[in-house]
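What the coordinates show
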Amino acid sequence: MTDLGKLMEATGIPVPRGVVAGAADLVEAAEGLREPLVLKGLGPLHKSDVGAVRLGLTRADLPSAAAEMAGRTPLDGFRVEEQAPGGVELIAGLVRDPAFGPVLLAGMGGVFTEALADTALRLCPVTETQARRMLASLRGAPLLYGYRGGPVVNLDAVVATLLALGGEGGLWERLELGEFELNPLIATRAGVSAVDIRYIPGPSTATAPPAPAPADFGPLFEPRRVAVVGASARRPTFGNMFLEFYREAGTPVVAVHPTAAEVSGVPAVASLAAADVDYALVSVPAERCAEVVRQAGAVPYTQVVSGGFGESGRQDLEAELVAAARAAGTRLLGPNCLGVYSPRGRQTFTGGGLGAPGGIALISQSGGLAGEVIKVGERRGLRFSRVATVGNSADVTPAELLRWLTGDPYTAAVGLYLEDPRDGRELFEAMAACPKPLVLLVGGRSAQGQRAAASHTGGMAGDGRVWQALADQTGAALVTGQDDLVGALCYFQAHGGRPVSGTGVLVVGPSGGAGVLAADALDRAGLRLRPLPEEARESLAALDVGGSLANPLEIPVGPRGRQDLVRSVVAAVAAPYRDVLAHVNVQSFFSYGTRPEPLLGYASALAAAQESVPARITLVVRNAECAPPGVEEAVREIVGAAGIPVYVSMEAAAVAVVAGGRHGDA
């Protein structure tokens, strides 16, 4: 048995008996092995792709089979082993993700591995529950349970194998991991057998530098005074723009200028060392930033707006900047970021004044996107506690900020926009430890897959699905666009403090195709509509709502309908459900009527319903553009006061409701 085979034996993963030999010694080496035999060519190759595996052989067949293989492709040698009994072929493997470290993969294996790409990922270490969920999530999972009369496999043995690879104390902790793969791993009623093993060592992993002591980011978000470096006394610059934003917000601010006594009406000091501030914003050319940061010895936090560092290939400038911050004793935000927004602390990087303070935090690697989320979100009623743009994250990282926000009494939910997490393993641990709702939006999710991989595991684990694994293991909601990020945060702002009661979703709205489309949207989002319980049907019959007593539930909603009916209906049937998704066709209110009062009456009735039931109500105002100006805003204000979030499409509402259901489901 090879050293790798001994390693498998030590972990308790069964492998077929076999030997490694040269072509001339195969027959003699195979003495004592039970026929039929399997011959495998050895080398950095996918054996089935180049015909380097032959099944059902006798000892006498070995020389000719070896000669045929060697004639097809260069080989490092051969392994001959006893052929394992047939069963369900799986793949189980490990790969070191460049951002998140060791990752476990499981899926349907053998020749189906690449054809079906039916796999699941989890970041190591995995628990038994997570391993079982991985297997249950596979499209081929029915094959494990005796599909169409087939044998039921020993699922406990499969789970034990996954834990031996990726669980606490598993192989992921002992290998110099590049890529490791069992494919196929044959599962039968009796157990499992790893009939092919591939191990590609990776470079030795350097010991990570010690994490910085936990920072108090209070002065970052609520500084006593702010300094701006880079504003000009002669012409408008980015620095002058930030000075104006701070003046508009009423933030105590000072400019740093070598000669001017004031800049844009703001008092100036000659150097950052003389500024006496908690936070300094630096907006000078990249080549000068390190020189400025070296002066920040008394400044707890220094933010560098300027680009032209690692994101532009200038890792040398970025390293010099970080060294300057370390030498000065200041913590560095950025470079290549816009800064911080916190209405409570009068911190801002946007114009137009400060919104109302609230409980929503955002960590973003894009300053532009963060600005959009702030402005769009505030128009939809979001109220922010802390927003930090981190750019290149050369010093202060998303993980470090999230750890602090976890204990921040002003923050109730956190959104994250990430492109390169920079500290993926620490981010995973911080997200797993955060009890608050998390919403994750990732840019460039497929970028990690643009590297060649020698194993199936390496290829499939590197295609961006690691982000889904991160969300699954931490209970975060993974969304695919900015609008859904805002929508999910709106849901958590509205319902985050409401105790969870019931399960599933009830859809309530007018008759027609909208209810059917709502069911389709929820189905695509992964939600199933539970039928109405019998007691709910009896209550509805007494209300004489008409129509079909099903889920989606149709009730007359319109300019000539009973606007208070929705309150009675929701009170009668909402108890078994976690969420109630109510929808109205705004167009109908103004095509068959001209006054806004019926629609506003409906909104008031829905708000009253939320105050009387534990279920979480969400409202979809379809075709809101058909209302006169100001009506949609009035509807939002009425239901918002009762803690009901509003969406303009079923799809957007479905994403938010799914996010609400995922919180804590890791």
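Residues numbered from 1 in each chain as written. Predicted model: local features only at pLDDT ≥ 70, side-chain atom pairs only at ≥ 80, totals over all residues. Heavy atoms only, no water.

Comments concerning the overall build of the chain
Rules: Note on conventions: DSSP H or I runs of at least 4 residues are helices, E runs of at least 2 residues are strands, and numbering of each starts at the N terminus. Contact between two residues is taken to exist if any of their heavy atoms lie within 4.5 Å; hydrogens are not considered. Computed with a 1.4 Å probe, the accessible areas rest on the Shrake-Rupley method; for each residue, only the protein chains presented here act as cover. For the purpose of charge, His is not counted, nor are the chain termini; Lys and Arg are scored as positive and Asp and Glu as negative. We put the charge of a Lys on NZ, of an Arg on CZ, of an Asp on CG and of a Glu on CD.
On a plain count of helices and strands, the chain comes out with 23 helices and 28 strands. With the principal axes as the frame, the chain shows a C-alpha extent of 90 × 80 × 35 Å. Of the contacts made within the chain by residues no fewer than 6 positions apart, 70% connect residues no fewer than 24 positions apart. For the chain, the accessible area works out to roughly 27100 Å², and carbon and sulfur atoms hold 53% of it. Taking the average place of the 56 positive charges on the side chains of the chain and the average place of its 68 negative ones, the gap between the two points comes to 3 Å.

Structural notes on the packing of helix α17 (residues 513-524) against helix α23 (residues 650-662)
Heads up, the rule is: Angles run from 0 to 180 degrees between N-to-C directions of axes, and those axes are lines fitted to C-alpha atoms, restricted for helices to the stretch in contact. Here is the rule for angles: anything less than 35 degrees is roughly parallel, anything more than 145 is roughly antiparallel, 65 through 115 is roughly perpendicular, and the remaining ranges are oblique. Two helices crossing with the near one rotated counterclockwise from the far one by less than a right angle form a left-handed crossing, whereas a clockwise rotation gives a right-handed crossing. Ten residue types, Ala, Val, Leu, Ile, Met, Phe, Trp, Tyr, Cys and Pro, are classed as nonpolar, four, Asp, Glu, Lys and Arg, as charged, and the remainder, Gly among them, as polar.
Put simply, α17 and α23 touch, their axes get as near as 9 Å, and they point 40° apart. Considering the angle they form, α17 stands oblique to α23. As α17 packs across α23, the resulting crossing turns out to be right-handed. Touching Ala514, Ala518, Ala521, Leu522 and Arg524 of α17 are Met650, Glu651 and Ala654, all from α23. In the contact of α17 with α23, the residues fall into six nonpolar, no polar and two charged.

Details of the packing of helix α19 (residues 565-573) against helix α21 (residues 597-610)
Following both chains from N to C, one finds α19 and α21 inclined at 25°, their axes separated by 7 Å at the closest point. Judged by the angle between their axes, α19 and α21 are roughly parallel. Crossing geometry of α19 relative to α21 is assigned as right-handed. Touching Val566, Arg567 and Val570 of α19 are Tyr602, Ala605, Leu606, Ala608 and Ala609, all from α21.

Focus: the sheet that holds strand β25 (residues 553-554)
In plain terms, the rule: What makes two strands pair is DSSP finding at least two bridges between them.
As summarised here, the arrangement of the five strands in space is β25-β24-β26-β27-β28, forming an open sheet in which the pairing is parallel. Of all the strands in the sheet, just β25 and β28 (646-647) have a single pairing partner and so form its edges. Bridge count for strand β27 (residues 616-622) against β28 is two bridges, and the pairing is parallel. By the bridge assignment, Val620 is partnered in β28 with Tyr647. Relative to the sheet, α21 contacts β26 (579-585) and β27, its axis offset from that of β27 by approximately 165°.

A look at unusual backbone geometry
A cis amide bond links Glu35 to the next residue, Pro36, at an omega of 0°. Tracing the chain through its elements places Pro36 in the loop between α2 (26-29) and β2 (37-42). Of the consecutive residues Asn183 and Pro184, the connecting peptide bond is found in the cis state with omega at 5°. Along the chain, Pro184 turns up in strand β8 (residues 177-187). You will see that Ser264, though not glycine, has its phi angle at about 50°, which is positive.

A look at the UniProt feature "domain: CoA-binding" (unreviewed entry) in the chain
Rules: UniProt positions are given in the numbering used here, feature names are shortened, and annotations may be inferred rather than shown by experiment.
When the UniProt feature table is mapped to this numbering, "domain: CoA-binding" (unreviewed entry) covers residues 220-309. As annotated, residues 220-309 has a helix share of 24% and a strand share of 24%, and its two end C-alpha atoms lie 22 Å apart.

Thoughts on the pairing of strand β16 (residues 301-304)
Quick note on the threshold: For each residue, the accessible area found with a 1.4 Å probe, counting protein chains only, is set against the maximum for its type, and the residue is called buried under 20%, exposed over 50%, and partly exposed in between. Orient the strands so they point away from the viewer, and a crossover whose first-strand-to-second-strand path over the helix runs clockwise is right-handed.
Every second residue of β16 is oriented toward a common face, with Tyr301 and Gln303 on one face and Thr302 and Val304 on the other, all of them buried. Pairing between strand β15 (residues 279-282) and β16: four bridges, direction parallel. Within β16, the residue paired with Val282 across the bridge is Val304. Regarding the hand of the β-α-β motif, the stretch spanning β15, helix α9 (residues 286-293) and β16 is right-handed. A crossover connection joins β16 to the parallel strand β17 (residues 331-333) through helix α10 (residues 315-328); in handedness this β-α-β unit is right-handed.

Observations concerning the sheet that holds strand β18 (residues 340-341)
On the basis of which strands lie adjacent, the open sheet formed by six strands has the order β18-β20-β19-β21-β22-β23 and mixed pairing. On the outer flanks of this sheet lie β18 and β23 (477-479), each paired with one strand and no other. In this structure, strand β19 (residues 357-364) lies alongside strand β21 (residues 413-418), joined through five bridges in parallel fashion. Residue pairing for β21: Ile360 is matched across the bridge by Ala413. Across the sheet, helix α12 (residues 398-406) touches β19, β20 (384-389), β21 and β22 (438-442), and the angle it forms with β19 is around 160°.

What to know about helix α13 (residues 424-433)
Because an α-helix packs 3.6 residues into every turn, residues spaced three or four apart end up facing the same way. Along α13, the residues classified as buried are Gly424, Arg425, Leu427, Phe428, Ala430 and Met431. Looking at the buried positions of α13, the neighbouring elements they touch are β6 (101-108), β7 (119-123), α12, β21, β22 and α15 (466-474).

Description of the confidence of the model for the chain
Stated precisely, the cut-off is as follows: Confidence of the predictor in every single residue is expressed as pLDDT, which spans 0 to 100.
Averaged over the chain, the pLDDT score is 89; the fraction of residues at 70 or greater is 93%. Counting interchain partners and residues more than four positions distant, the pLDDT-below-50 stretch residues 447-460 has 45 contacts.

Focus on the packing of aromatic side chains
Our working definition: Each Phe, Tyr or Trp ring (for Trp, its six-membered ring) is paired with any other whose centre lies within 6.5 Å, and the angle between the two planes then decides the class: stacked below 30 degrees, edge-to-face above 60, tilted in between. Only when the NZ atom of a Lys or the CZ atom of an Arg is both within 6 Å of the ring centre and within 35 degrees of the ring normal do we say a charge sits over the ring.
Counted according to the given criterion, the structure contains eight aromatic pairs. Look at Phe217 and Tyr301: their rings are 5.5 Å apart centre to centre, the planes differ by 35°, and that puts the pair in the tilted class. Of the two residues, Phe217 sits in the loop between β10 (197-201) and α7 (218-221) while Tyr301 sits in strand β16, which places them 84 residues apart along the sequence. Side by side, Phe217 and Tyr301 carry an identical accessibility label, which is buried. A connected cluster of aromatic rings, assembled from ring pairs, spans Phe217, Phe221, Tyr301 and Trp404. Between the NZ or CZ atom of Arg530 and the centre of the ring of Tyr577, over which it lies, the distance is 5.2 Å.

Thoughts on the pattern of salt bridges
Selection rule: The term salt bridge refers to a pairing of a side-chain nitrogen on Lys or Arg with a carboxyl oxygen on Asp or Glu at a separation within 4 Å.
Applying the stated rule across the entire model yields 28 salt bridges. Here Arg34 ties to Glu82 by a salt bridge, and the two come within 3.3 Å at their closest N and O atoms. Remark: Glu82 occurs in strand β4 (residues 77-82) and Arg34 occurs in the loop between α2 and β2; sequence separation between them is 48 residues. Ionic pairing is found between Arg122 and Asp472, a salt bridge with its closest N-O pair at 3.7 Å. Taken together, the residues Arg122 in strand β7 and Asp472 in helix α15 connect sequence positions 350 residues apart. Taking relative accessible area as the criterion, Arg122 reaches 8% and is therefore assigned buried. Each member of the salt-bridge network shares a partner with another, and the members are Lys40, Arg79, Glu81 and Asp196.

A short note on the environment of Ala323
In this fold, Ala323 is placed in helix α10. Distance from Ala323 to Val293, taken between C-alpha atoms, is 9.5 Å for residues 30 residues apart in sequence.

Here we look at helix α5 (residues 128-136)
Counted only if it meets this: Taking the helix axis as origin, the arc is that swept by the directions to the C-beta atoms.
Those residues of α5 lying buried are Gln130, Ala131, Met134 and Leu135. One side of α5 carries all its buried residues, which in axial view fall inside an arc of 140°. Buried residues along α5 sit in contact with β6, β7, α6 (155-166) and α15.

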